[in-house]
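Here are the chains, one letter per residue:
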Amino acid sequence: MKSKASDVKVSTQDYFVNMYKDTIPKVVKSEEEWKKILSPQEYYVLRQKGTERAFTGDLLEVKSEGLFTCRGCGLPLFDTKHKFDSGTGWPSFYNVLDKTCITEDTDYDLGYPRTELTCSKCGGHLGHVFPDGPKPTGLRYCINAVSMDFIKKEN
Ligand SMILES: [Zn+2]
């Protein structure tokens, strides 16, 4: 894959604009502040770009209607209607709620390029997106359960 320098996003803004053109202020905290509000496992994944062990996430089996939000800041990220069983052991989605809420970046942690996903509001590490998902998008958003909370839809 060819990488273009123009694709590198260096954002110093303290907000982002979502698909509804709302201005969303970013959440900025020190590492010490994050450690106080996150569990050690959440801190490891969200703030240190860790990965939870496959098949250990508490949101893997969620099938009821609702929204998956960022555990760091509460921003809604995914909808159950886009969730599918990828067999990988991590919650997987073929689409996002709002592309502006998730920031994509390239990492080489495993020696080859992968598209890393972070929350646009707090910068928390979510997971990666791969081009081997189901139709209609063909994308597989592979997300750590520990990076998210689930808000069940009220009937
Ligand atoms: Zn967040």
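Shown above is the structure to which this text applies.
Cut-offs used in this document
All chains use their own residue numbering, which begins from 1 and follows the written sequence. Local features in this predicted model are restricted to residues of pLDDT 70 or higher, and side-chain atom pairs are both shown and tallied only at a pLDDT of 80 or more, whereas totals for entire chains, interfaces and linings draw on every residue. Each side-chain value is worked out from all heavy atoms of the structure, with water and hydrogens disregarded. Any N, O or S atom lying within 2.8 Å of the metal counts as a donor, with the limit raised to 3.2 Å for Na, K and Ca; because water is left out of the atom set, some sites can appear incomplete. Geometry assignment treats four donors as tetrahedral when all angles are between 85 and 135 degrees, treats four as square planar and six as octahedral when opposite donors are over 155 degrees apart and all others between 65 and 115, and treats everything else as irregular. By the criteria applied, helices consist of DSSP H or I runs no shorter than four residues and strands consist of E runs no shorter than two, each listed in order from the N terminus. The buried label applies to any residue whose accessible area, calculated with a 1.4 Å probe on protein chains only, is under 20% of its type's maximum; exposed applies above 50%, and partly exposed to all values in between. Two N or O atoms count as a polar contact when they lie within 3.5 Å, although within protein this holds only if one can serve as hydrogen donor and the other as acceptor, and sequence-adjacent residues are included solely when both atoms are side-chain atoms. Contacts are assigned to residue pairs that have any heavy atoms within 4.5 Å of one another.

Student: What exactly am I supposed to notice about the coordination of the zinc ion here?
Tutor: Four donors placed tetrahedrally around a metal ideally meet at 109.5 degrees, and six donors placed octahedrally ideally meet at 90 or 180 degrees. All of the protein donors around the zinc ion are Cys70 (SG), Cys73 (SG), Cys119 (SG) and Cys122 (SG); their distances to the metal are 2.3 to 2.4 Å. One way to put it: the four donor atoms around the zinc ion meet at angles of 101 to 116°, and that makes the site tetrahedral. All donors of the zinc ion come from a single chain, and their spacing in sequence reads C-x2-C-x45-C-x2-C. On the criterion of sequence distance, the pair formed by Cys73 in the loop between strand E3 (66–70) and strand E4 (76–79) and Cys122 in the loop between strand E8 (114–119) and strand E9 (125–130) is long-range, its members being 49 residues apart. On the basis of relative accessible area, Cys122 is assigned to the buried category, the value being 5%.

Student: Explain the side chain of Asp79 here, please?
Tutor: Mapped onto the elements of the fold, Asp79 is located in strand E4. From its side chain, Asp79 meets the backbone nitrogen of Lys81 in a polar contact 2.9 Å long. In contact with Asp79, not counting residues within four places along its chain, are Gly66, Leu67, Phe68, Phe93 and Leu97.

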